[in-house]
Amino acid sequence: MEKRFEMGPEIFIIGHARSGTTVLTHILNTDPEVCILQEAEIYWYQDVSHYADVFNRRGLQRKRTWQKGHYVPPGVPNHVTGKQALSELSKYYRRVGDKVALGPSRTEQMAIWDFFARNYFSATYIFTFRNPLQATISMRRMFPGNSYTEILDTWIMSVALMMRFMSFLPNVCAIPMERYSERVFHSLNERLGTNAVISGAAIHEANQFDRSALPDLTEEEDEKLIKCEIIYKNLIDAWDEKNLSFYSASNLYSYFGDTFRDLDAAFSPSVEAEVNGFGRVNPALIDPRRAVLAAYAQTPLALPDWQKAAESYVTDFPNDGFGHYIFAIMLYQNSPSDCERALTEFDAAENCGYVPFWVKYNRAYVYKMLGNHAQATQDMREALLLNPDHADAQKMLALWTA
């Protein structure tokens, strides 16, 4: 008997940064029955408790406006996990989901494929992608600390992820940012069964740049960009506006295989991985407990289950400086009686190579709480040598040495 796939209630928008994911999310959220969160990162925070509180606090920290998608509404209980929050949201909206923007140096995003394929096989996925030259210029402005190689690898991984989803999952479509139009979004409405308000004002032509906008591009990076541009042209040539996919390819299965080989050829040889494999990643970096550490770094909630998760994490991954650092902060902020232990964790973070400024800056406060004025002052002085412009460090050192 033929297997029939029904469309699940979830909609996930996935694309590399600066590929139009935000515009698409805003348009779909104009439907009163749709609520797509903005970078809720459910794939990462799936097991983090009190997720609604985490997400809403992050929205406040980023000074986001109170619009649908920026915050979880009050009907979702605060104590639930990230995955449970999405289920709770579906009690109020017919279609719910998340927008995922892929960025450079985001190792945890390696977990995306496994998470969605296991948990949301029949969901609808909308992938966006953009001309690699325009995407590289725009992403470099957003991520000035990342190299062109890292940015182009993000573009490659995004396209590879799109191809993998399209090959395996039943309800996947793709829209190039350069093809955004009222006609295309009307087609998307029909496909999704949504009633989003489509206005030409919301679909504006992105700024177009040429290679002169990348004056510091090396010869090797330019060769990589050229490979990406060839892949992009092949994608555009095969893209079908009616079906929002690549059905114009004469043999879709062979087309996917050929595209994967092209992506592999463009991927950085310095990375110990093939695009098809999505990397051999340090397991510590995609461990679910690390998401708890990341959540605490953003919203320091004093939760016993978070502290237990952090403690077990540093036990299992003793060489992760970030883990020791966050666990140390948890200890001294939430349990003043654990200050001595916090010092041990800060020392471990320093020995593992975590950012020296933050270790010394926060460890200084612990020494101060323990009454060790000399060591507190020394740590704060050393922190200021590393970051002379840090206002709070300047203020505290002046107060302690007055």
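Residues numbered from 1 in each chain as written. Predicted model: local features only at pLDDT ≥ 70, side-chain atom pairs only at ≥ 80, totals over all residues. Heavy atoms only, no water.

Engineer: Even after reading the chapter, I still don't get the nonpolar core, so can you show me in this structure?
Structural biologist: Side chains of a nonpolar character, in soluble globular proteins, are inclined to be buried together. The biggest cluster of nonpolar side chains holds 134 residues, and the ones touching the most others in it are Leu28, Phe116, Tyr125, Phe165 and Phe246. With 13 residues, the single largest contributor to this core is helix H7 (residues 148-168). Filtering out sequence-adjacent residues up to four positions away, leucine 28 remains in contact with Ile11, Ile13, Val34, Ile36, Ile126, Leu188, Leu192, Thr194 and Ala196. (Core = buried A, V, L, I, M, F, W, Y, C linked by side-chain atoms within 4.5 Å. Buried < 20%, exposed > 50% of the residue type's maximum accessible area, 1.4 Å probe, protein only. Helix = DSSP H or I, 4+ residues; strand = E, 2+ residues; numbered from the N terminus. Contact = heavy atoms within 4.5 Å.)

Engineer: So what exactly am I meant to see when it comes to helix H11 (residues 288-298) here?
Structural biologist: What sets the pattern is the α-helix's 3.6 residues per turn: residues three or four places apart point alike. Of the positions making up H11, those classed as buried are Arg290, Ala291, Val292, Leu293, Ala294, Ala295 and Tyr296. Residues of H11 that are buried sit in contact with helix H2 (42-45), helix H3 (51-61), helix H12 (304-316) and helix H13 (321-334). At the N-terminal end of H11, a side-chain oxygen is found 2.9 Å from the backbone nitrogen of arginine 289, two or three residues along, and the residue is aspartate 287. (Polar contact = N/O pair within 3.5 Å; in protein donor to acceptor, adjacent residues only side chain to side chain.)

Engineer: For this particular structure, what's the right way to read the packing of aromatic side chains?
Structural biologist: The geometry of an aromatic ring pair comes down to the distance between the two centres and the angle between the two planes. This structure, assessed with the given rule, holds 28 aromatic pairs. One aromatic cluster in this structure is built from Phe12, Trp113, Phe115, Phe116, Tyr120, Tyr125, Phe127, Phe165 and Phe168. (Phe/Tyr/Trp six-rings, centres within 6.5 Å; stacked < 30°, edge-to-face > 60°.)

Engineer: What am I meant to see in the side chain of lysine 99 here?
Structural biologist: Examined against the element boundaries, lysine 99 turns out to sit in strand E3 (residues 95-102). Judged by its relative accessible area of 2%, lysine 99 falls in the buried class. Side chain to side chain, lysine 99 and glutamine 38 meet in a polar contact 3.4 Å long. Among the polar contacts made by the side chain of lysine 99, one reaches the side chain of glutamate 39 at a distance of 3.0 Å. Apart from residues no more than four positions distant in its own chain, lysine 99 is found in contact with Ile13, Thr21, Thr22, Thr25, Ile36, Leu37, Gln38, Glu39 and Ala40.

Engineer: What is the right way to look at the pairing of strand E5 (residues 172-176) in this model?
Structural biologist: A regular strand places its side chains on the two faces of the sheet in alternate fashion. Most of E5 sits inside the fold, with five of its five residues counted as buried. Taking every second residue as pointing to the same face, both faces of E5 are buried, with Val172, Ala174 and Pro176 on one and Cys173 and Ile175 on the other. Pairing of strand E4 (residues 124-129) with E5 involves five bridges; the strand directions are parallel. The residue of E5 that forms the bridge with phenylalanine 129 is proline 176. (Pairing = 2+ DSSP bridges.)

Engineer: Hey, could you run me through the pairing of strand E2 (residues 34-38) in this one?
Structural biologist: Most of E2 sits inside the fold, with five of its five residues counted as buried. Side-chain alternation along E2 places Val34, Ile36 and Gln38 on one buried face and Cys35 and Leu37 on a second face that is also buried. When E2 meets E3, the two strands line up parallel, connected through five bridges. Residue isoleucine 36 lies in a different strand from E3, and its bridge partner there is glycine 97.

Engineer: What should I look at first to understand the environment of methionine 139 in this one?
Structural biologist: For methionine 139, the location among the structural elements is in helix H6 (residues 132-142). Setting aside residues no more than four positions away along its own chain, methionine 139 makes contact with His16, Ala17, Arg18, Ile151 and Thr154.

Engineer: What's the story with the side chain of threonine 136 in this structure? I'm lost.
Structural biologist: The residue threonine 136 is located in helix H6 in this model. Assessed through its relative accessible area of 2%, threonine 136 is described here as buried.

Engineer: Sorry, what's going on with helix H1 (residues 21-28) here?
Structural biologist: Residues Thr21, Leu24, Thr25, Ile27 and Leu28 constitute the buried set of H1. An end-on view of H1 places all buried positions within 165° of arc, on one side of the element. Those residues of H1 that are buried are in contact with strand E1 (10-16), E2, E3, E4 and helix H8 (182-192). (Arc of directions from axis to C-beta.)

Engineer: Would you explain the packing of helix H14 (residues 339-351) against helix H15 (residues 356-369) in this entry?
Structural biologist: Relative orientation and spacing of two packed helices are given, respectively, by the angle between their axes and the distance between those axes. Interhelical geometry of H14 versus H15 gives an angle of 160° and a closest axis separation of 10 Å. Comparing the axis directions of H14 and H15 gives the class roughly antiparallel. Here H14 and H15 pass one another in a crossing that is left-handed. In contact with Cys339, Leu343, Phe346, Asp347, Ala349 and Glu350 of H14, H15 contributes Val359, Lys360, Asn362, Arg363, Val366, Tyr367 and Met369. (Axes fitted to C-alpha atoms, helices over the stretch in contact; angles between N-to-C directions. Parallel < 35°, antiparallel > 145°, perpendicular 65-115°, else oblique. Left-handed = near helix turned anticlockwise from the far one by under 90°.)

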